[in-house]
Amino acid sequence: MAASYTLYSSATSSDQLQYEQQYNINITFSVETEPLGTAGPLKLAENILGKDDAPFFVLNSDVICEYPFAQLANFHKSHGEEGTIIVTKVDEPSKYGVIVHKPGHDSRIDRFVEKPIEFVGNRINAGIYILNPSVLSRIELRPTSIEQETFPAMCKDGQLHSFDLEGFWMDVGQPKDFLTGTCLYLSSLTKNGSKLLTPSSTPYVHIGNVMIDPTAKIGKNCKIGPNVTIGPGVVVGDGVRLQRSVLLQNSKVKDHAWVNSSIVGWNSTVGKWARLENVTVLGDDVTIGDEIYVNGGSVLPHKTIKQNVDGKLNEAFITALLMVV
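All values reported here derive from a predicted model rather than from experimental measurement.

A. Looking closely at the sheet that holds strand β17 (residues 245–247). In space, the six strands of this open sheet follow the order β11-β14-β17-β20-β23-β26, with parallel pairing throughout. Lying at the two open borders of the sheet, with one neighbouring strand each, are β11 (210–212) and β26 (298–299).

Structure, rendered in structure tokens:
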């Protein structure tokens, strides 16, 4: 497994060792000294990706789905050409770059149309690919876009196919979309009867779609769910209400706090009787004081909040000010 990073830290190294042991794999990092776009990093890692004739997967890190790797690999092998991209159907294709197939062909891609005014199709790039190493010869070691440069060249040569994604898909690059994507993921786990979920019969689980790491500690008289993920080492106090939220590793929510549609960052603490809602996001090591209300706020790492924060009110004020200007 290879990963491209613009930053490498001791924390990344620690995670690497953990995942290598957990999944019995080797992880190699290809570190960018400058941003190389979406294609340049593949060229940078050519000595890894091109070491043999085996195709390799490429994934954007800000999408979530059920990842049909085996089916994708089998389909790619069946057509025998350079690349296959997963596509997903959308209701409003005018917001995206749409894939157009060659006439009379169900999978060979003819071209891409960016935000079409007239309907030309409803399939978009889902950000997951499988490519033959020969694709690397099409890429120069410079900042370059796989979507705007490499893929169109492959289409011209008839070397790019699409594979329809079944089930859910979500771009989770923004906090509100991350929360929606988490809900979709948890619903998928429920649909498939996954044992990763905490049983809905658990006294503190409300409705369902709740995933709690075994190392987390949950207090008395809590009400958790639906759509909640609680990470390793998290401590939840007594009487806490959690809904449609994500609590990341080693965070703490103290007694009687109320957290809805929010992301509580690593090592952060939410005080007693505090209230977080409307896509509030806490960075690493944030402390929210007791009885504090945070409405749609985004808090930078290592900050302590001692007074109420109304992020939604601030947004409305800034919007009004810009309209006046």
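Continuing now.
B. Layout of the pattern of salt bridges. For the structure shown, the criterion picks out twelve salt bridges. A salt bridge links D157 to R138; the shortest N-O distance between them is 3.0 Å. Residue D157 is located in the loop between α5 (146–156) and β9 (160–164), and its partner R138 is located in the loop between β8 (123–131) and α5; the two are separated by 19 residues in the primary sequence. Judged by its relative accessible area of 46%, D157 falls in the partly exposed class. With relative accessibility at 28%, the residue R138 sits in the partly exposed group. The residue D177 makes a salt bridge to K176 at a minimum N-O spacing of 3.3 Å. Taken together, the salt bridges that share partners define one network made up of E82, R138 and D157.

C. Region of the structure containing the pairing of strand β5 (residues 83–89). Among the seven residues of β5, six are classified as buried, and the element is accordingly described as predominantly covered. For β5 and β8, the ladder comprises six bridges, and the chain directions are antiparallel. For V87, the partnering residue across the bridge sits in β8 and is N125.

D. Region of the structure containing the packing of aromatic side chains. Scanning all chains against the criterion turns up six aromatic pairs. An angle of 85° between the planes, with centres 4.9 Å apart, marks the rings of Y129 and F151 as edge-to-face. One end of the pair, Y129, is in strand β8; the other, F151, is in helix α5, and 22 residues separate them in sequence. Residue Y129 is classed as buried on the basis of its relative accessible area of 1%.

E. Seen up close, the environment of V87. The topology assignment puts V87 in strand β5. Look at V87 and you get buried, because its relative accessible area is 1%. The spatial distance from the C-alpha of V87 to the C-alpha of S13 is 33 Å, given a sequence separation of 74 residues. V87 has contacts with I99, R123, I124, A126, S162, F163, D164 and L165, leaving out every residue within four places of it along the chain.

F. Structural context of the sheet that holds strand β19 (residues 258–260). The sheet built from six strands is open, its strands ordered β13-β16-β19-β22-β25-β28 with parallel pairing. The open sheet has two free edges, formed respectively by β13 (223–224) and β28 (309–310), since each of these has just one partner strand. Sheet topology note: the strand β22 (residues 275–277)/strand β25 (residues 293–295) ladder contains three bridges and is parallel. Paired with R275 across the strands is Y293, a residue of β25.

G. Structural context of the nonpolar core. Core analysis: the largest hydrophobic core is formed by 27 residues, its most contacted members being I230, L242 and I288. Of all elements in the fold, only β11 and β14 (228–230) reach the threshold of two or more residues within this core. Excluding residues that lie within four positions of it along the chain, I230 makes contacts with M211, I212, D213, A216, I218, I224, V236, L242 and L247.

H. Structural view of the side chain of S107. Its location among the elements puts S107 in the loop between β6 (97–101) and β7 (109–114). A residue is classified by how much of its surface remains accessible, and S107, at 10% relative accessible area, is buried. Excluding its chain neighbours within four sequence positions, the residues that come into contact with S107 are F75, H101, L160, H161 and S162.

What counts, and where the lines are drawn
Residues numbered from 1 in each chain as written. Predicted model: local features only at pLDDT ≥ 70, side-chain atom pairs only at ≥ 80, totals over all residues. Heavy atoms only, no water. Pairing = 2+ DSSP bridges. Helix = DSSP H or I, 4+ residues; strand = E, 2+ residues; numbered from the N terminus. Salt bridge = Lys/Arg side-chain N within 4 Å of Asp/Glu carboxyl O. Buried < 20%, exposed > 50% of the residue type's maximum accessible area, 1.4 Å probe, protein only. Phe/Tyr/Trp six-rings, centres within 6.5 Å; stacked < 30°, edge-to-face > 60°. Contact = heavy atoms within 4.5 Å. Core = buried A, V, L, I, M, F, W, Y, C linked by side-chain atoms within 4.5 Å.

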